[in-house]
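One letter stands for each residue in the lines below.
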Amino acid sequence: MDELRAAGNALEVTAWTVVLSLDTRKGRIIVQDGTFRDRCAFETWRAGEVHRQVARRMAGMADWWVGDWSTEVP
């Protein structure tokens, strides 16, 4: 979880939370919620090396649901 928390230490990130789910019926569930200045900041962060490293590591051990959304009007 420390790696996931460290992924939020970037200039593009305005809020970052990594916690264990309160519902343990399905085992260990990690919830990560990140907020970015704007879509461009998100894309910059997502293309960064820290994100790639953490994503590679998590892909080897996790089954996950991911959702990215924007409140910006197109």
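You'll find the structure just up there.
Residues numbered from 1 in each chain as written. Predicted model: local features only at pLDDT ≥ 70, side-chain atom pairs only at ≥ 80, totals over all residues. Heavy atoms only, no water.

(A) Region of interest: the overall build of the protein. Helix and strand content of the protein: 3 helices and 2 strands. The order of helices and strands in the protein, counted from the N terminus, is α-β-β-α-α. Seen through its principal axes, the protein has C-alpha atoms that stretch 40 × 25 × 20 Å. A buried classification covers 18% of the 74 residues belonging to the protein. Partitioning the contacts of the protein with sequence separation of at least 6, the portion at a separation of at least 24 is 34%. Just so you have it, the protein exposes about 6,100 Å², and 55% of that area is on carbon and sulfur atoms. (Helix = DSSP H or I, 4+ residues; strand = E, 2+ residues; numbered from the N terminus. Buried < 20%, exposed > 50% of the residue type's maximum accessible area, 1.4 Å probe, protein only. Contact = heavy atoms within 4.5 Å. Areas by Shrake-Rupley, 256 points an atom, 1.4 Å probe, with all protein chains shown as cover.)

(B) Structural context of the pattern of salt bridges. One pass over the structure, following the stated rule, counts 7 salt bridges. Between glutamate 3 and arginine 57 there is a salt bridge whose closest N-O contact spans 2.4 Å. Taken together, the residues glutamate 3 in helix 1 (residues 2-6) and arginine 57 in helix 3 (residues 49-59) connect sequence positions 54 residues apart. Assessed through its relative accessible area of 48%, arginine 57 is described here as partly exposed. The salt bridge partner of glutamate 43 is arginine 39, with a shortest N-O separation of 3.0 Å. (Salt bridge = Lys/Arg side-chain N within 4 Å of Asp/Glu carboxyl O.)

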